[in-house]
Amino acid sequence: MIARHLLLVLTALLSLLAAPLPVAAASAEEILLWPGTPPGHGAVTGPEKIGAEGAGYGAVSNIATPRMRVYRPAEPNGAAVLVAGGGGYFRIQLKKESTPAAEWLQAQGFTVFELIYRLPNDGWDAAAPFMDAQRAMKIIRTRAGEFGIAPNKIGIMGFSAGGHLAGFTAYQPARALYAGADRFEAASARPDFAVLLFPVVTLRKPYDTTRTRREIIGDTAGPEAEDAWSLDTYASKDAPPTIIFAAADDPTTPPGHGILLFQTLIAAGASAELHLFRDGGHGWGLGTPEQVISQWPALFAHWAQSLKITEKRGE
């Protein structure tokens, strides 16, 4: 009996070892943004941190190595999206925001690049995340052929502070934030479309209480700094097509942020669309099926089709 029991245990162990690892356990494909030390000033000590509880659960911080995680679709549609989670520039909400969005986009055929960018709260210059986003766009466009991506169908998506980062990259793609001379620097950092979800848009009153403002310009900055880092300052007719999603009851980035950007873009002659949901609060990611805000992925898909970024499935 003992021998038979040992045989069964060994058989079970061998079957476990032979079984494929879950997808979640597999190493993600990653692309480093910079060769050697990234530009800008700052330093991080110790390993990266992943939040284990509360509002920061699944969020990453203490980032020394900015990079992109690549999500390759089974059936590529020729378009790509760079996705940036929020977190007030003191952490990046991967589990709640950027990773679910990346996986959904991947399932729709997009080649997705999840951005893990440097954070001022970790000790980097305030401009570091914007350097990383520009660099990421340039790398994606330069390597578009390798990924089967059309170089004119590369968009950017961001949530909350990540929406601020995405919008700044979309509306100030040529802003000289760092010096570079390798092959990637010849490419444009301008996204071909922008998707902003509950974005931080303005750092001015009455919306001057966000963690984004505190991390980028500080609590005592004046109007000049507020203007320099507010998205609506740079809304112009040359802005890429933009779609904005916001919830009416968002206490962190009230809908006034999205409304302001939408109105400014439209007044400038740009292509813009705004969807304002009655509720949902802040940080809703994909939302849950019972929430009205869970409609946003479908609305984005229809918008992308209307711009000829993608085609309807089956066509």
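See the structure above.
Residues numbered from 1 in each chain as written. Predicted model: local features only at pLDDT ≥ 70, side-chain atom pairs only at ≥ 80, totals over all residues. Heavy atoms only, no water.

### Observations regarding the packing of aromatic side chains
In plain terms, the rule: Centres within 6.5 Å are what make two rings of Phe, Tyr or Trp a pair, Trp counting through its six-membered ring; a difference in plane orientation under 30 degrees is then read as stacked, over 60 as edge-to-face, and the rest as tilted. Helical segments are the DSSP runs of H or I of at least four residues, strand segments are the runs of E of at least two, and each set is numbered from the N terminus. Any residue under 20% of the maximum accessible area for its type is buried, any over 50% is exposed, and the rest in between are partly exposed; the area is computed with a 1.4 Å probe on protein chains only. Note on geometry: a ring has a charge over it if NZ (lysine) or CZ (arginine) is within 6 Å of the ring centre and within 35 degrees of the ring normal.
Applying the stated rule across the entire model yields 19 aromatic pairs. Residues Phe 168 and Trp 229 carry aromatic rings whose centres are separated by 5.0 Å and whose planes lie at 20° to one another, so their mutual orientation is stacked. One end of the pair, Phe 168, is in helix H5 (residues 161-171); the other, Trp 229, is in the loop between helix H7 (223-228) and strand E10 (242-247), and 61 residues separate them in sequence. With 5.8 Å between their ring centres and 80° between their planes, Phe 168 and Tyr 234 make a pair best called edge-to-face. Separated by 66 residues along the polypeptide, Phe 168 in helix H5 and Tyr 234 in the loop between H7 and E10 bring together distant segments of the chain. By relative accessible area, Phe 168 is classed as buried at 2%. Among the aromatic side chains, those forming a connected cluster through ring pairs are Trp 104, Phe 110, Phe 159, Phe 193, Phe 198, Phe 245, Phe 277, Trp 284, Trp 296, Phe 300 and Trp 303. Taking the ring centre of Trp 229 as reference, the NZ or CZ of Arg 175 above it sits at 5.1 Å.

### With respect to the environment of Ala 247
In plain terms, the rule: It only takes one pair of heavy atoms within 4.5 Å for two residues to be counted as in contact.
Residue placement: Ala 247 occurs in strand E10. Distance in space between the C-alpha atoms of Ala 247 and Val 292 is 9.7 Å, their sequence separation being 45 residues. Non-local contacts of Ala 247, meaning those with residues more than four positions away in its chain, are made with Pro 255, Leu 276, Phe 277, Asp 279, Gly 280, Gly 281 and Trp 284.

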